[in-house]
Amino acid sequence: AQRVTQPEKLLSVFKGAPVELKCNYSYSGSPELFWYVQYSRQRLQLLLRHISRESIKGFTADLNKGETSFHLKKPFAQEEDSAMYYCALTPSNTGKLIFGQGTTLQVKP
Amino acid sequence: DAGVTQSPTHLIKTRGQQVTLRCSPKSGHDTVSWYQQALGQGPQFIFQYYEEEERQRGNFPDRFSGHQFPNYSSELNVNALLLGDSALYLCASSLPGPGVNTQYFGPGTRLTVL
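Structure report, in brief. (Residues numbered from 1 in each chain as written. Chains lettered and ligands numbered in written order. Predicted model: local features only at pLDDT ≥ 70, side-chain atom pairs only at ≥ 80, totals over all residues. Heavy atoms only, no water.)

Our next topic: the overall build of chain A. Scanning chain A from terminus to terminus reveals zero helices and eleven strands. Along chain A, from the amino end to the carboxyl end, the secondary structure elements read β-β-β-β-β-β-β-β-β-β-β. Relative to the 2.2 N^0.38 estimate, which gives 13 Å for 109 residues, the radius of gyration of chain A is 13 Å and therefore close to what a compact globule would have. For chain A, the spread of C-alpha atoms along the principal axes amounts to about 40 × 30 × 25 Å. When burial is assessed residue by residue, chain A has 46% of its 109 residues classed as buried. Taking the intrachain contacts of chain A between residues at least 6 apart in sequence as the baseline, contacts between residues at least 24 apart amount to 58%. Taking the average location of the 14 positive side-chain charges in chain A and that of its 9 negative ones, the two points are 6 Å from each other. (Helix = DSSP H or I, 4+ residues; strand = E, 2+ residues; numbered from the N terminus. Rg over C-alpha atoms; globule rule 2.2 N^0.38 Å. Buried < 20%, exposed > 50% of the residue type's maximum accessible area, 1.4 Å probe, protein only. Contact = heavy atoms within 4.5 Å. Lys, Arg positive; Asp, Glu negative; His and termini not counted. Charge placed at Lys NZ, Arg CZ, Asp CG, Glu CD.)

Moving on, we come to the pattern of salt bridges. All told, the structure shown has eight salt bridges over all chains when counted by the stated rule. Between R49 of chain A and E32 of chain A there is a salt bridge, and its shortest N-O distance comes to 3.9 Å. Of the two residues, R49 of chain A sits in strand β6 (residues 45-49) while E32 of chain A sits in strand β5 (residues 32-38), which places them 17 residues apart along the sequence. For the residue pair R49 of chain A and E32 of chain A, the accessibility class agrees, reading buried in each case. The closest approach of N and O atoms between R57 of chain B and E54 of chain B, which form a salt bridge, is 3.0 Å. (Salt bridge = Lys/Arg side-chain N within 4 Å of Asp/Glu carboxyl O.)

The next thing to look at is the state of the cysteines. Between two cysteines, a covalent bond joining their sulfur atoms is known as a disulfide. Residue and element names in this part refer to chain A. Within the structure shown, the criterion is met by two disulfides over all chains. Put simply, C23 and C87 are joined by a disulfide, and their sulfur atoms are 2.0 Å apart. Note on the C23 and C87 pair: the S-S dihedral is about -65°, so by sign convention the disulfide is left-handed. On the criterion of sequence distance, the pair formed by C23 in the loop between β3 (19-21) and β4 (24-26) and C87 in strand β9 (residues 83-90) is long-range, its members being 64 residues apart. (Disulfide = S-S within 2.5 Å.)

Our focus in this paragraph is the packing of aromatic side chains. Summed over the entire model, instances satisfying the criterion amount to eleven aromatic pairs over all chains. Taken together, a centroid distance of 5.8 Å and an interplanar angle of 85° make the contact between F99 of chain A and Y35 of chain B edge-to-face. In this pair, F99 of chain A sits in strand β10 (residues 98-99) while Y35 of chain B sits in strand β4 (residues 31-37), so the two residues belong to two different chains. Like Y35 of chain B, F99 of chain A is buried. When the ring of F47 of chain B is compared with that of Y49 of chain B, the centres are 5.3 Å apart and the planes differ by 85°; the resulting orientation is edge-to-face. The pair formed by F47 of chain B and Y49 of chain B is uniform in burial state, with each residue classed as buried. Here a set of aromatic residues connected by ring pairs shows up, and it is made of F34, Y36, Y86 and F99 of chain A together with Y35, F45 and F105 of chain B. Sitting above the plane of the F14 of chain A ring, K108 of chain A keeps its charged end 4.5 Å from the centroid. (Phe/Tyr/Trp six-rings, centres within 6.5 Å; stacked < 30°, edge-to-face > 60°. Lys NZ or Arg CZ within 6 Å of the ring centre and 35° of its normal.)

Sheet strands pair via backbone hydrogen bonds, and the direction of the pair is either parallel or antiparallel. Residues and elements named next belong to chain A. Taken together, the three strands give an open sheet; going across it, the order is β3-β8-β7, and neighbouring strands pair in antiparallel fashion. This sheet does not close on itself; its edge strands, each paired only once, are β3 and β7 (60-61). When β7 meets strand β8 (residues 72-74), the two strands line up antiparallel, connected through two bridges. Across the sheet, T60 pairs through a bridge with K73, a residue of β8. (Pairing = 2+ DSSP bridges.)

Moving on, we come to the interface of chain B and chain A. Taken together, the contact pairs 20 residues of chain B with 18 residues of chain A. Here chain B and chain A share an interface that buries about 1500 Å² over both sides, 50% of which is from carbon and sulfur atoms. Across the contact surface, chain B and chain A share zero salt bridges. Inspection of the chain B/chain A interface yields seven residue pairs in polar contact (both at pLDDT 80 or more). Where the side of chain B that touches chain A is concerned, the elements lending two or more residues are β4 and β5 (44-50) of chain B. When its residues are assigned to classes, the side of chain B that touches chain A shows nine nonpolar, eleven polar and no charged. (Buried area = accessible area lost by both parts, 1.4 Å probe. Polar contact = N/O pair within 3.5 Å; in protein donor to acceptor, adjacent residues only side chain to side chain. Nonpolar A, V, L, I, M, F, W, Y, C, P; charged D, E, K, R; others polar.)

Quick look at the structure:
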């Protein structure tokens, strides 16, 4: 079965602390993996995708095929990073996104 | 470019009724996908339209149907509404072409079924 699991519903850290949002996936093929973010009162938007290997707003994510994980990391959290984060995958040759349940990141001052 | 737009913003219906939600894709996009997001959950894929045809479908009953128009806008129709259909319905559009293209989301339509 194709599935994305985000084990933490809420992650609370202090400003300046490192952040790691966990994402594990279940898929037998080679997936495309994404992190989407939703800030308060804004629409869902792409944060990064693994094939781009970009760093967006200081966030990075590495695909670990052995552990079937795609954790999102940032070395120093900022208050403006507070938002809901969704990990998602697209199975090969499909256009659909399969989302995890999301993790709320709360960065305290 | 206003990006992906959806209407209406909110909608209240009663059980058994039918509802139509609308979506206009981002300029230059021809592929439209619909998602259902229940409270506290991640979005779930309903279906995707390209070239006015349903190309992919998620695990949703036939009560959920859609349409894409020649201008690439799309409608989502839900018949015989159930209480469990209460959710935020998201539309996303993407560029044409092969491969996996980034999906851009609209603000959603909040449907409440009483």
